[in-house]
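# Examining the three-dimensional arrangement
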Amino acid sequence: MLKPCAADAFKLYDLRHTGYIEREELKEMVLALLDESDLHLSDDVVEAIVDKTFKESDTNGDGRITRRWRNYYLKSNVVKKHDSSLFSGCQFSFS
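Below or above, wherever it landed, is the structure these notes cover. (Residues numbered from 1 in each chain as written. Predicted model: local features only at pLDDT ≥ 70, side-chain atom pairs only at ≥ 80, totals over all residues. Heavy atoms only, no water.)

### Considering the packing of aromatic side chains
Inspection of every chain in the model, using the stated rule, returns zero aromatic pairs. Note that R64 overlies the ring of Y20, its terminal NZ or CZ placed 4.0 Å from the centroid. (Phe/Tyr/Trp six-rings, centres within 6.5 Å; stacked < 30°, edge-to-face > 60°. Lys NZ or Arg CZ within 6 Å of the ring centre and 35° of its normal.)

What follows is the structure, encoded as structure tokens:
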């Protein structure tokens, strides 16, 4: 079972509520995080972030990130940097 923060984060990124995260959903979330942080990166850099994330977390190569993304989530420096502000204590749950 996922730790609460990882489970909540997964639900946050699963914009279409399909049980997995597709490239476009991840890209939307990356862009939203960048916008919220007032960071502006080129399209190439954003695509590189999405590519790297999928390379490390798409465990079976089907173009989807499943709930097994826990390992990536737990070691991701990008997520850890945002945890304190975005998931502060993970005191929330999504239906």
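Still more to cover.
### Side note on unusual backbone geometry
Despite not being glycine, H17 has its phi angle at roughly 55°, a positive value. Its location among the elements puts H17 in the loop between α1 (4-13) and β1 (21-22). Of note in the backbone geometry, D38 takes a positive phi value of approximately 55° without being a glycine. For D38, a relative accessible area of 61% translates into the label exposed. (Helix = DSSP H or I, 4+ residues; strand = E, 2+ residues; numbered from the N terminus. Buried < 20%, exposed > 50% of the residue type's maximum accessible area, 1.4 Å probe, protein only.)

### Considerations on a nonpolar patch on the surface
Together, L41, V45 and I49 line one region of the surface with nonpolar side chains, adding up to about 200 Å² of accessible area. Structurally, I49 is set in helix α3 (residues 43-57). (Patch = residues over 30% accessible without salt bridge, like charges linked within 9 Å, V, L, I, M, F, W, Y side chains within 5 Å. Areas by Shrake-Rupley, 256 points an atom, 1.4 Å probe, with all protein chains shown as cover. Salt bridge = Lys/Arg side-chain N within 4 Å of Asp/Glu carboxyl O.)

### Quick look at the pattern of salt bridges
Working definition: two side chains of opposite charge can pair if their charged atoms are close together. The full count for this structure, using the stated rule, is six salt bridges. Salt-bridge contacts for R23 lead to D51; the nearest nitrogen and oxygen are separated by 2.6 Å. You can see R23 sitting in helix α2 (residues 23-36) and its partner D51 sitting in helix α3, a full 28 residues away along the chain. Relative accessible area serves as the criterion here: at 40%, D51 is assigned to the partly exposed category. Here the salt bridges do not stand alone but share partners, grouping R23, K27, E47 and D51 into one network.

### Let's talk about the nonpolar core
Counting twelve residues, the largest nonpolar core is built from F10, Y13, I21, L26, M29, V30, L33, L34, V46, V50, F54 and I65. Elements supplying a minimum of two residues to this core: α1, α2 and α3. Examining the composition of this core, we find that five residues originate from one element, α2, more than from any other. Those residues in contact with V46 that lie beyond four places of it in its chain are K27, V30, L31, L34 and L41. (Core = buried A, V, L, I, M, F, W, Y, C linked by side-chain atoms within 4.5 Å. Contact = heavy atoms within 4.5 Å.)

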